[in-house]
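A look at the structure
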Amino acid sequence: MIYFNLLIQFFHIGLFSFGGGYATLPFLYHIAENQKWYTIKQLTDMIAISSITPGPVGVNVATFAGFTTAGILGALIATTSVILPSYVLVIIISKFLEQFETNKNVKAAIYALKPAGCGLLAAVAVDMFMNNANLFGMILLVILFFISVKQKHDPLYYLSISAIIGLLAGFFKLTT
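Here is what the cut-offs are and how they apply
Residues numbered from 1 in each chain as written. Predicted model: local features only at pLDDT ≥ 70, side-chain atom pairs only at ≥ 80, totals over all residues. Heavy atoms only, no water. pLDDT = per-residue confidence, 0-100. Helix = DSSP H or I, 4+ residues; strand = E, 2+ residues; numbered from the N terminus. Domains from an automatic or database assignment. Contact = heavy atoms within 4.5 Å. Buried area = accessible area lost by both parts, 1.4 Å probe. Salt bridge = Lys/Arg side-chain N within 4 Å of Asp/Glu carboxyl O. Core = buried A, V, L, I, M, F, W, Y, C linked by side-chain atoms within 4.5 Å. Buried < 20%, exposed > 50% of the residue type's maximum accessible area, 1.4 Å probe, protein only. Axes fitted to C-alpha atoms, helices over the stretch in contact; angles between N-to-C directions. Parallel < 35°, antiparallel > 145°, perpendicular 65-115°, else oblique. Left-handed = near helix turned anticlockwise from the far one by under 90°. Nonpolar A, V, L, I, M, F, W, Y, C, P; charged D, E, K, R; others polar.

Mean pLDDT over the protein: 85, with 97% of residues reaching 70 or higher. For the protein, helix 5 (residues 97-101) is the element with the lowest average pLDDT, namely 70, and helix 1 (residues 2-16) is the one with the highest, namely 92.

Here's what the structure looks like:
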């Protein structure tokens, strides 16, 4: 039954999350709260790992969430389910691309979805920060923010630095 639930939940995520991998986060957060397949802390770790591993963030998080929930088969089901709606929609839309390209309603819908997606993402980020914040993490955030303002590097550079510092902090038990 868990496999069927994974299929339904992640198909739903794939069908309704517009705007890239980070747009899946509100749905994943909802699953953590309601299904209890993983904790908010585990979701935070999944997002961090997914952000620094190759591939789309949404697919990587789905893989980690599926694995955390039901092992390797769970990872395969979650990954396939989150990708399937996009795959089918792209095939269908490609057949009618000419008609959609200049359609004012489609342009208006995409225009309206962008701020809605940003708002959902911001709400999840604030809630995750409030529930998982610790002094060490906040100090690291402030320091890396000010360094990033002064020195313009690729965001992956700062993600890598924070990942290494976080691993070292966990190894030396500097965080809770």
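Now for the domain arrangement of the protein. On domain assignment, one finds that the protein holds domain 1 (2-131) and domain 2 (133-176). Here the C-alpha centroids of domain 1 and domain 2 sit 25 Å apart. With six residues of domain 1 at the interface, the matching set in domain 2 holds six residues. For the pair domain 1 and domain 2, the summed buried area comes to about 430 Å², and 76% of that belongs to carbon and sulfur atoms. If you sort the residues of domain 1 by the area they bury against domain 2, Ser51, Ile52 and Phe129 come out on top, with a joint share of 86%. For the pair domain 1 and domain 2, the number of links is zero salt bridges.

What follows is about the nonpolar core. Counting residues in each nonpolar core, the largest one holds 24 residues, and the members touching the most others are Phe10, Leu28, Tyr38, Leu43 and Met128. Within the residue set of this core, elements represented by two or more residues are helix 1, helix 2 (25-34), helix 3 (40-52), helix 4 (57-95) and helix 6 (104-132). Looking at this core element by element, the count peaks at eight residues for helix 4. In this view, Phe10 contacts Leu28, Ile31, Trp37, Ala62, Ala65, Ala78, Ser81 and Val82; residues no more than four positions away in its chain are not counted.

Right, let's get into the packing of helix 2 against helix 3. Where helix 2 contacts helix 3, the two axes come as close as 9 Å, and the packing angle between them is 150 degrees. Classified by the angle between their axes, helix 2 and helix 3 sit roughly antiparallel to one another. Here helix 2 and helix 3 pass one another in a crossing that is right-handed. Across from Leu25, Leu28, Tyr29, Ala32 and Glu33 in helix 2, the residues of helix 3 making contact are Ile40, Leu43 and Ile47. Among the residues making up the contact of helix 2 with helix 3, the classes are represented as seven nonpolar, no polar and one charged.

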